Amino acid sequence: VINNAHTSNSKTVTVNTGSAQATFVSTSLATVPSGFPTQSINDFTIFINGVAVEKEAVTSVAQSGPNVVITFNATQLGYTISASDEYMITGKLEA
């Protein structure tokens, strides 16, 4: 199991407020070995400004080319994400 943490202080994170997405640039999800279940949002913990985001407020964590894109459910989140926020993801990520 590979558990790593990446923050917007150590990685470039772009934010699209309209689609409620935070993109960790040049970040990869860990490769799941053959015979194991695919990753889901339950394999990650996401923080915004140091506060853990409830699983219901995360729609998906997905690999998109060389990036990891986190899509939030803005209604469940209760506020609009911003480029000035600090983001952190922990879980099954490549170092």
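These figures come from a predicted structure and were not determined experimentally. (Residues numbered from 1 in each chain as written. Predicted model: local features only at pLDDT ≥ 70, side-chain atom pairs only at ≥ 80, totals over all residues. Heavy atoms only, no water.)

J.: A description of the overall build of the chain should follow, citing residues and the corresponding values.
T.: A tally of helices and strands in the chain yields 1 helix and 8 strands. Mapped in sequence order, the helices and strands of the chain form the string β-β-β-β-β-β-β-α-β. What you see for the chain is a C-alpha radius of gyration of 13 Å, in line with the 12 Å of a compact globule of 95 residues. Out of the 95 residues in the chain, the part that is buried amounts to 32%. (Helix = DSSP H or I, 4+ residues; strand = E, 2+ residues; numbered from the N terminus. Rg over C-alpha atoms; globule rule 2.2 N^0.38 Å. Buried < 20%, exposed > 50% of the residue type's maximum accessible area, 1.4 Å probe, protein only.)

J.: Hey, could you go over the sheet that holds strand β4 (residues 44-48) for me, with residue numbers and the actual values?
T.: In sheet architecture, strand pairing relies on hydrogen bonds along the backbone and comes in two forms, parallel and antiparallel. An order of β1-β8-β4-β5 is seen for the 4 strands of this open sheet, with the pairing classed as antiparallel. Whereas interior strands pair on both sides, the edge strands pair on one side only; in this sheet they are β1 (4-7) and β5 (51-52). For β1 and strand β8 (residues 87-91), the ladder comprises 4 bridges, and the chain directions are antiparallel. Residue pairing in the sheet places Asn 4 in a bridge with Gly 91 of β8. (Pairing = 2+ DSSP bridges.)

J.: So what's going on with the nonpolar core? Which residues, and what values?
T.: Counting residues in each nonpolar core, the largest one holds 20 residues, and the members touching the most others are Ile 46, Val 53, Val 61, Ile 70, Phe 72 and Ile 89. Only β3 (21-24), β4, β6 (58-64), β7 (67-72) and β8 provide two or more residues apiece to this core. (Core = buried A, V, L, I, M, F, W, Y, C linked by side-chain atoms within 4.5 Å.)

J.: Tell me about the sheet that holds β7, and name the residues and values.
T.: Overall, antiparallel pairing links the 4 strands, which are arranged β2-β3-β7-β6 in an open sheet. Each end of this open sheet is capped by a strand with a single partner; those strands are β2 (13-16) and β6. Ignoring which end each strand starts from, the neighbouring axes of this sheet average 15 degrees apart. In this structure, β6 lies alongside β7, joined through 6 bridges in antiparallel fashion. Pairing of Val 61 across the sheet is with Ile 70, part of β7. (Axes fitted to C-alpha atoms, helices over the stretch in contact; angles between N-to-C directions.)

J.: Before we move on, could you go through the pairing of β7 and cite the residues and values that matter?
T.: The buried fraction of β7 is high, at 6 of 6 residues. Taking every second residue as pointing to the same face, both faces of β7 are buried, with Asn 67, Val 69 and Thr 71 on one and Val 68, Ile 70 and Phe 72 on the other. Across 4 bridges, β3 lies against β7 in antiparallel orientation. Looking at the pairing, Gln 21 lines up with Thr 71 of β7. Where β6 folds back on β7, the antiparallel hairpin that results is connected by 2 residues, among which Gly 65 adopts a positive phi of roughly 65 degrees.

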